[in-house]
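Here are the chains, one letter per residue:
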Amino acid sequence: MTELRDAVPPAPTVDAAHTAHTAHTADTTDTADARDTADTAAAVFAPRRPARRRGPAREAPLPPGPPVQAGADWSAWSTYDAAELGFRNYWYPTVFAHQVGRKPVPLTVAGERVVLVRDDRDGSIRALHDRCPHRGVPLSLGRRQFPGTISCPYHGWTYDLQDGGLKAVITDGPDSPICGRVKVATYPVAERLGLVFLYIGDVEDGAAPPPVERDIPAELNDNSLVLGGRTEIRDGNWRFAAENGFDEGHAKYLHNTALWRLFKVMPTWNMTRVVEKDGWLIRVQDEVHWDAEFPGVGTFTNRRWWKRMPLPDRPGGNGDANPVIAGLDLPGFVSIRLPGLLRVAYPQFIHYEWYVPVDADHVRYVQLMVRFERSWRARLFQAKYLAAIRWLFHGQFTAQDAWMVDVMDAPPERLYRPDLSLTAWRRHVEQADVVVQPTEKRKGH
Ligand code: FES
């Protein structure tokens, strides 16, 4: 983004000229006023000075700096605009469960620093706020001194992994009076789909958070499946990533160079609408145009002799879909839901993307490719995933998205017709009962 800004010629010439003109006008007026008052006789023979016009106030000179293009901001979507760090009271996927062992794993979710560690007492994964209350050292740098605890590396304050309570202070002796009087915040954890889900939200003492299944698509809770996936941190705010996922316009142009689409034609343009079903917004294609003549410019098409036409855009509508996918009865193949989860359904498999806020400028991008299969079909898919899909689709294809999310600089923005997908998503957030994650530090965190 910086490079683009730097590439634009700076505007001091315009600004300086404007400022200089304003100053010059003011000087002339002051001088004339003084002369009129001091020398009335001379004024009789002097040309009349034009009457001072009373009009709107002169615009203040523009501040120096690079030019900003006109466009709308996000004030029409105030909740969404404020949700730089996402929403509270949701379960978010993080890393794969097999990546968490005895060694602490630090991560940031919705601006909250968390350490994951596997409890050696029962093998479950625990999550604590990654900050020692004593002097603020990350607990993820600590040692596993005693079973079921983690010890801060600085002075050895030792916390219970389950409830975050201070159990011992190694450098203050067995009778340290501060023991039992300090706690580190803990987070509810659940292992699903091979991933570690964290609950970022408010849970009353002694109460339980909502079930993690609430924040996982129902078809993933209720069916046998096999999956492959990746989880990584990418540059850019989570909202740009979510909007990119549900963006109607870009795939047909940006991705028509992707190897994943090497043998399939991409449309040139569509007429689209968005419908809501079971908490999901779904893009529905009313018209698909494979080629078009642009007046005065030329023809554009992605048709090539080696590419075949894709199936119609309704995943279960061709009679050959997997029964689970057909049962979803989706009117379009791309859908999105809160807190930031995309579903791209094909007749035989579904691709999911979670956009998990990290901080203002980073997003955890969790991709899963799922087939509802068992036995040898499931093993065949795993082989295909590792051999090709992981690199072609979850690699090169979505890396094109990551590139755009990273370099995007909006608002201001000038939206066009296909951006109804973006405005539908923002409106959906505005109308939802969500709690925006605060951007300032909270007590106890
Ligand atoms: Fe953690 Fe002192 S900072 S024990």
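Structure shown above.
Sequence positions are assigned chain by chain, starting from 1 and proceeding in written order. Thresholds applied to this predicted model are a pLDDT of at least 70 for local features of residues and 80 or more for the giving and counting of side-chain atom pairs; totals over whole chains, interfaces and linings are not thresholded and use all residues. Hydrogens are left out, water is left out, and the side-chain values use all remaining heavy atoms of the structure.

Caption draft 1: Structural context of the pattern of salt bridges. Salt bridges are defined as contacts in which a side-chain nitrogen from Lys or Arg sits within 4 Å of a carboxyl oxygen from Asp or Glu. Within the structure shown, the criterion is met by 20 salt bridges. Between Arg343 and Glu219 there is a salt bridge whose closest N-O contact spans 3.1 Å. Placement of the pair is Arg343 in strand β18 (residues 341-345) and Glu219 in helix α5 (residues 218-222), with a sequence separation of 124 residues. The classification of residues rests on relative accessible area computed with a 1.4 Å probe and restricted to protein chains. Under 20% of the type maximum is buried, over 50% is exposed, and intermediate values are partly exposed. A residue is classified by how much of its surface remains accessible, and Arg343, at 3% relative accessible area, is buried. A salt bridge links Arg426 to Glu243; its shortest N-O distance comes to 2.8 Å. Of this pair, Arg426 sits in helix α10 (residues 420-431) while Glu243 sits in helix α6 (residues 238-246), placing them 183 residues apart in sequence. Comparing Arg426 with Glu243, the two get one shared label, buried. It is possible to trace a salt-bridge network through shared partners that takes in Asp119, Arg121, Asp122, Arg126, Asp160 and Lys167. Helix and strand definitions follow DSSP, with helices as H or I runs of at least four residues and strands as E runs of at least two, each counted in order from the N terminus.

Caption draft 2: Representation of α6 in the model. Counting buried positions over the nine residues of α6 gives nine, a clear majority of the element. Among all positions in α6, only Trp238, Arg239, Phe240, Ala241, Ala242, Glu243, Asn244, Gly245 and Phe246 are buried.

Caption draft 3: Focus on the packing of α6 against α10. Two numbers describe how α6 lies on α10: the axes approach to 9 Å, and their chain directions differ by 125 degrees. Judged by the angle between their axes, α6 and α10 are oblique. Between α6 and α10 the crossing geometry is right-handed. Along the contact surface, α6 presents Trp238, Ala242, Glu243 and Phe246, while α10 presents Ser421, Leu422, Trp425 and Arg426. Polarity classes work like this: nonpolar for Ala, Val, Leu, Ile, Met, Phe, Trp, Tyr, Cys and Pro, charged for Asp, Glu, Lys and Arg, and polar for all others, with Gly in that last group. Here the contact of α6 with α10 is built from residues that sort into five nonpolar, one polar and two charged. Only the contacting stretch of a helix is used when fitting its axis, a line to C-alpha atoms as for every element, and angles between N-to-C directions run 0 to 180 degrees. Note on terminology: angles under 35 degrees are roughly parallel, angles over 145 are roughly antiparallel, angles of 65 to 115 are roughly perpendicular, and the others are oblique. Whether a crossing is left-handed or right-handed is set by the direction in which the near helix is turned from the far one by less than a right angle, anticlockwise for left-handed and clockwise for right-handed. The contact criterion used throughout is that any non-hydrogen atoms of two residues lie within 4.5 Å.

Caption draft 4: View of the sheet that holds strand β20 (residues 362-371). Strand pairing requires that DSSP identify at least two bridges connecting the strands. One open sheet holds the seven strands; their spatial order is β12-β20-β19-β18-β17-β14-β13, and the pairing between them is antiparallel. The sheet terminates laterally at β12 (226-235) and β13 (269-277), the two strands that pair on one side only. Going from strand to strand, the sheet's axes swing by 20 degrees on average, the running direction of each strand aside. Relative to strand β19 (residues 350-359), β18 runs antiparallel, the two being bridged by five bridges. Paired with Ala345 across the two strands is Ile350, which belongs to β19. Against the sheet, α6 makes contact with β13, β14 (280-289), β17 (334-337), β18, β19 and β20, and its axis sits at roughly 160 degrees relative to β19, the strand it touches most.

Caption draft 5: Representation of the environment of Arg337 within the structure. Checked against the element boundaries, Arg337 lands in strand β17. Residues within four places of Arg337 in sequence aside, it is in contact with Arg214, Asp215, Ile216, Pro217, Gly279, Trp280 and Trp425. Throughout this description, a polar contact denotes any pair of N or O atoms lying within 3.5 Å of each other; where both atoms belong to protein, one of them has to be capable of donating a hydrogen while the other can accept it, and for residues adjacent in sequence the pair is counted only when both atoms sit in side chains. At a separation of 2.9 Å, a polar atom in the side chain of Arg337 contacts the main-chain carbonyl oxygen of Arg214.

Caption draft 6: Representation of the packing of aromatic side chains in the model. Aromatic pairing here means that ring centres of Phe, Tyr or Trp (its six-membered ring) are within 6.5 Å. Orientation follows from the plane angle: under 30 degrees is stacked, over 60 is edge-to-face, and everything else is tilted. Here the structure, examined in full by the defined rule, presents 13 aromatic pairs. Grouped by ring-pair contacts, the aromatic residues Trp74, Tyr80, Phe87, Trp238, Phe240 and Trp425 constitute a single cluster. For the cation-ring pair, Arg343 lies above Trp280, with the distance from its terminal atom to the ring centre recorded as 3.9 Å. In our convention, an over-ring charge means Lys NZ or Arg CZ found within 6 Å of a ring centre and within 35 degrees of that ring's normal. Over the ring of Trp77 we find Arg426, and its NZ or CZ is 4.7 Å from the ring centre.

From the geometry alone we can't say anything about function, so treat these as descriptive.
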